Amino acid sequence: MAQAQAPEKLSSPSIDPEEIEKFSRIAAEWWDPESKFKPLHKFNPARLRFIRDEILAHFGREGGETPLAGLKLLDIGCGGGLISEPMARLGADVTAVDAAEANIKTAKVHAEEQGLEIDYRHGTAEQLLEEDEAQFDVVLNLEVVEHVAEPDQFLKDCAKLLKPGGIMVLGTINRTPKAFVFAIFGAEYVMRWLPRGTHRFDKLVKPSEIKFALSEEGLNVEDPAGVTYNPLQDSFEISRDASVNYLMVARKA
């Protein structure tokens, strides 16, 4: 009887094996709004509005049912597809890549159930470059840079995948005392929104570090926008406070 094939293991400067294993263990829960990914489901509406508005403004487009039609979009570190699917619904030609094979399997099944065509791939940014992948109009780099082995190199590789005239949107957690209190201690140990150990303080990335890495690749990086939690409405909103969660926009001339 044939033995089951072991999941393919990737080797890359951006891969931290412990981080991949961490998310692989809970991959089946991505689309359950009451699961360990509950914070992302709460977080998603605010960041989706931000991403959509920035892309439309950048390319001078109006709204409508499929305002991103004709744009080639990369969702790097896509997880279970929480951002990839809305981008596909807005008309973008989406390629979604993740280093955890279990995440890709979950994402593929869910997209098929929704009747969405998304090019899901188990891989890394480095692999796309090695395979001479055509550049993208939009690169989304969301809640992933804090989980890679070499953030600086990862960011530079993502920049190389962006077309001239394209836009990159990044999202992560700032490395500040306030972020430790709210995003790690509060979210993981007090509220238990996330499994303990989901984030390591020393792996968090400051906006200035992102700006430095991307500027070296010729991108114009804008100041961060904060994403803050409103306990009265139990929701997140875009704000000026980037001391915990933040989003950044970078443009390639």
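In this text, all values refer to a predicted model and were calculated from it rather than measured experimentally.

Visitor: Any chance you could explain the pairing of strand β3 (residues 119-122) here in plain terms?
Guide: Here is the key point about a regular strand: its side chains alternate between the two faces of the sheet. Every second residue of β3 is oriented toward a common face, the buried set being Y120 and H122 and the non-buried set D119 and R121. Note that strand β2 (residues 93-98) and β3 share four bridges and pair parallel. By the bridge assignment, V97 is partnered in β3 with R121. Assessed by its sense of winding, the connection that carries the chain from β2 through helix α4 (residues 101-114) to β3 is right-handed.

Visitor: How should I be thinking about the packing of helix α6 (residues 151-160) against helix α8 (residues 207-215) in this particular structure?
Guide: When two helices pack together, you describe them by how their axes are tilted relative to each other and by the distance separating the axes. For the pair α6 and α8, interaxial distance at closest approach is 9 Å and the crossing angle is 50°. It follows that α6 is oblique to α8 by the angle criterion. α8 is crossed by α6, and the crossing has right-handed handedness. Residue-level contacts link D152, L155, K156 and A159 of α6 to I210, A213 and L214 of α8. For the contact of α6 with α8, a count of residues per class yields five nonpolar, no polar and two charged.

Visitor: Hey, could you run me through the environment of T66 in this one?
Guide: Assignment of secondary structure puts T66 in the loop between α2 (38-59) and β1 (72-76). C-alpha separation for the pair T66 and S35, spaced 31 residues apart in sequence, amounts to 30 Å. The residues contacting T66, other than those within four sequence positions of it, are R89, L90 and G91.

Visitor: It is not clear to me how the nonpolar core should be interpreted in this structure. Could you clarify?
Guide: In globular proteins that are soluble, nonpolar side chains generally tend to be buried together. Residues I55, M87 and L140 are the most contacted members of the largest nonpolar core, which totals 41 residues. Elements with a contribution of two residues or more to this core: α2, α3 (84-89), β2, α4, β4 (136-142), β5 (162-173), β7 (225-230) and β9 (245-252). If one sorts the elements of this core by residue count, α2 sits on top with eight residues. When near neighbours in sequence (up to four residues on either side) are disregarded, I55 contacts L68, L71, L73, M87, V138 and I167. The next biggest cluster of nonpolar side chains, apart from the first, holds 28 residues, and it includes F136, V139, V144 and Y246.

Visitor: Can you walk me through the pattern of salt bridges in this structure?
Guide: Close approach of charged atoms lets side chains of opposite charge pair. What the rule picks out here adds up to 17 salt bridges. The residue E143 makes a salt bridge to R47 at a minimum N-O spacing of 3.3 Å. With E143 in the loop between β4 and α6 and R47 in helix α2, this pair connects stretches of sequence that are 96 residues apart. Take E143 and R47: they sit in the same class, and that class is buried. A salt bridge links R121 to D119; the nearest nitrogen and oxygen atoms lie 2.8 Å apart. On the basis of relative accessible area, R121 is assigned to the partly exposed category, the value being 24%. When salt bridges with common partners are traced through the structure, they connect K72, D119, R121 and E133 into a single cluster.

Visitor: Sorry, what's going on with helix α7 (residues 177-190) here?
Guide: Note that an α-helix has 3.6 residues per turn; residues three or four places apart therefore point the same way. Under the 1.5 Å per step criterion, the end-to-end length of α7 is only 16 Å for 14 residues, more than 12% shorter than the ideal 20 Å. When we look at burial in α7, the residues that qualify are A179, A183, I184, G186, A187 and E188. Of the surrounding elements, those touching the buried residues of α7 are β5. After α7 finishes, the residue R192 shows a positive phi value of roughly 55°.

Visitor: Even after reading the chapter, I still don't get the pairing of β2, so can you show me in this structure?
Guide: For β2, the tally of buried residues reaches five of six residues, placing the bulk of the element in the interior. Relative to β2, β1 runs parallel, the two sharing five bridges. Pairing of L73 across the sheet is with V94, part of β2. With respect to chirality, the unit in which β1 leads through α3 into the neighbouring parallel β2 is right-handed.

Calculation notes
- Residue numbers here run from 1 along each chain, matching the order of that chain's written sequence.
- pLDDT decides what is reported in this predicted model: residues at 70 or higher carry local features, side-chain atom pairs at 80 or more are listed and counted, and totals for whole chains, interfaces and linings draw on all residues regardless.
- Hydrogen atoms and water are omitted, and side-chain values are computed over all heavy atoms in the structure.
- Only protein chains enter the area calculation, which uses a 1.4 Å probe; residues under 20% of their type maximum are buried, those over 50% are exposed, and those in between are partly exposed.
- Helix and strand assignments follow DSSP, with helices taken as H or I runs no shorter than four residues and strands as E runs no shorter than two, numbered in order from the N terminus.
- Here, a strand pair is defined by DSSP locating no fewer than two bridges between the strands.
- Seen with its strands pointing away from the viewer, a crossover is right-handed if its path from the first strand over the helix to the second goes clockwise.
- Every axis in this analysis is a line fitted to C-alpha atoms, fitted for helices over the stretch in contact. Angles between the N-to-C directions lie between 0 and 180 degrees.
- Note on terminology: angles under 35 degrees are roughly parallel, angles over 145 are roughly antiparallel, angles of 65 to 115 are roughly perpendicular, and the others are oblique.
- Handedness of a crossing is defined here by the sense of rotation of the near helix relative to the far one, left-handed for an anticlockwise turn of less than a right angle and right-handed for a clockwise turn.
- Throughout, a residue-residue contact means that at least one pair of heavy atoms, one from each residue, lies within 4.5 Å.
- Three classes are used, and their members are as follows: Ala, Val, Leu, Ile, Met, Phe, Trp, Tyr, Cys and Pro are nonpolar, Asp, Glu, Lys and Arg are charged, and the others, Gly among them, are polar.
- Buried residues of nine kinds, namely Ala, Val, Leu, Ile, Met, Phe, Trp, Tyr and Cys, make up a nonpolar core once their side-chain atoms join them within 4.5 Å.
- A pairing counts as a salt bridge when a side-chain nitrogen of Lys or Arg comes within 4 Å of a carboxyl oxygen of Asp or Glu.
- Helix span is expected to be 1.5 Å times the residue number reduced by one.

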